[in-house]
Structure formats: structure tokens, C-alpha cells
Amino acid sequence: MTDNRAFWRDAAVLLIDHQVGTMSWVKSIPFEEMKRNALMLAKTARILRLPVVLTSSMEDHAQGPLLSELAEILPQQFQSRIQRAGIVNAMFDDQFAAAVKATGRRTLIVAGVTNDVCTVYPVLTLLEAGYEVLVVADAGGSPGKTADDLSLDRMQRAGATLLGTNQLLAGLAGDWSTPEGVQIVEVIGQALQA
């Protein structure tokens, strides 16, 4: 039996391209559901004090800025986000790759927009580099269901573990009665009642 408390101590969170323009292209999941899940993940990372790396691509173009709520939830990480100049595979950006390595964590929780482009390529690269990768499938999405299904299947076949947001948050909490567990339950409850 896995001790989830030990699990999260070795995890870092990578939030890739949760930008308002890019998110508007997603049709495999409703925008508000995807946004809610990404923000719940960010809040849980803050509660558990997990390292978080934020990245964006070409914010001054059609992709648009990162979700403004991320600046409120993770102000330091938002300020130091890696702003890529259009590199599709974030792991091919030297600054992003260095930030991932600097977390010192071997388990990476990844959510990105879109799954079929901005998530799949760095996940494959991370798996090849020997990381354990958990993909939060519903904190991202793709322009179509087929594209999303194919990219999730490709990541899973390569060795990634696919999870939904609620499943991941429950696993990270491990015990709802701990101080962190109580806070995570509040995050989930507030998000699902909104």
C-alpha cells in the first residue's frame, strides 16, 4: 500500500500554457470545468507547498495571458513563470527544463493546454528522462475529443499515469482529517459549488 503522504513530498507541479486564448480553443471539455480543475490543482499545490513551475507561450499573441487567478494563487511562481517564445515542447526550452530540474523532484504532476500539443510533448520527454509523470487529464483539454483521446492514450502508453483532478487531490490529501486535508476539502467544495 502506497503512503500518499510520502508521495506528495516528492512531487512538483508543472502547469503548462493555461492561457486564456489557448484555453478558448479547447472543445473536449467545457472551459469553466477545465479552468476550475487547473485552479484547484494550483491551490492544492500551494496548500501542500509543492514546487510549481508555470510556463506560457507567446502571451502577446493569440494564446493570450495566463489565467489571472494564477497570479493570485501562486504570485511568486506567476512572477517567475517561464515565458517561451513559441517552443512547442516546453522541455526544449532551456529555462523551463532548468526550472523542472531545480525542483529536485522525480515525480511530476502535469496539466497543460492543449493536451494534444502542449502537454503530450513535454510529458513524453519527461518520461524518456526517467521522471514519474502524472497527467491531470481534466485540467487541460484539446480542440476536439478525438485529439484529446489520442494524446492521452499516447501519454499513457508511454508510461504516464492519467488522473482526474478530484482523484489526484484525494490522493495528495491522503487523509481529509489532517490540516492540509481539511484545506483541500474546502478547495474542492468551494470549486464544485461555484
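If you're wondering where the values come from, they're calculated on a predicted model, not measured in any experiment.

Caption draft 1: Fine view of the pairing of strand S1 (residues 11–16). Most of S1 sits inside the fold, with six of its six residues counted as buried. The alternating pattern of S1 places Ala11, Val13 and Leu15 and Ala12, Leu14 and Ile16 on opposite faces, both of which are buried. Bridging between S1 and strand S4 (residues 107–112) involves six bridges; their strand directions are parallel. Each residue of the ladder has a partner; that of valine 13, found in S4, is isoleucine 109. The pairing of S1 with strand S2 (residues 52–57) spans four bridges and is classified as parallel. Across the sheet, leucine 15 pairs through a bridge with leucine 54, a residue of S2.

Caption draft 2: Representation of the nonpolar core in the model. Residues Val13, Leu15, Leu41, Leu70 and Ile109 are the most contacted members of the largest nonpolar core, which totals 39 residues. For this core, the elements supplying multiple residues, two or more each, are S1, helix H3 (31–47), S2, helix H4 (68–73), S4, strand S5 (132–136), helix H9 (165–173) and helix H10 (179–193). Residues contacting leucine 15, with those up to four places away along its chain left out, are Leu41, Ala42, Val52, Val53, Leu54, Thr55, Leu70 and Ala111. Ile16, Ala90, Val120 and Ala137 belong to the second-largest nonpolar core, a separate cluster that totals 24 residues.

Caption draft 3: The UniProt feature "domain: Isochorismatase-like" (unreviewed entry) in the protein chain, seen in detail. Residues given the UniProt feature "domain: Isochorismatase-like" (unreviewed entry) here are residues 12–167. For residues 12–167, helix accounts for 47% and strand for 18%, while the C-alpha atoms at its two ends are 17 Å apart.

Caption draft 4: Representation of unusual backbone geometry. Note the cis peptide between valine 113 and threonine 114, where omega equals 5°. In this fold, threonine 114 is placed in the loop between S4 and helix H7 (115–128). Within the chain, arginine 49 stands out as a residue other than glycine whose phi angle is a positive 55°. Within the secondary structure layout, arginine 49 lies in the loop between H3 and S2. Residue class for arginine 49 comes out exposed when judged on its relative accessible area of 69%. One non-glycine residue, methionine 58, adopts positive backbone phi at about 50°.

Caption draft 5: Spotlight on the side chain of threonine 119. Within the secondary structure, threonine 119 is located in helix H7. Look at threonine 119 and you get buried, because its relative accessible area is 0%. In this structure threonine 119 touches Val110, Ala111, Gly112, Val113, Thr114, Val135 and Met155, once residues within four positions along its chain are discounted.

Quick notes on the rules
- Residues numbered from 1 in each chain as written.
- Predicted model: local features only at pLDDT ≥ 70, side-chain atom pairs only at ≥ 80, totals over all residues.
- Heavy atoms only, no water.
- Buried < 20%, exposed > 50% of the residue type's maximum accessible area, 1.4 Å probe, protein only.
- Helix = DSSP H or I, 4+ residues; strand = E, 2+ residues; numbered from the N terminus.
- Pairing = 2+ DSSP bridges.
- Core = buried A, V, L, I, M, F, W, Y, C linked by side-chain atoms within 4.5 Å.
- Contact = heavy atoms within 4.5 Å.
- UniProt positions renumbered as here; feature names shortened; annotations may be inferred.

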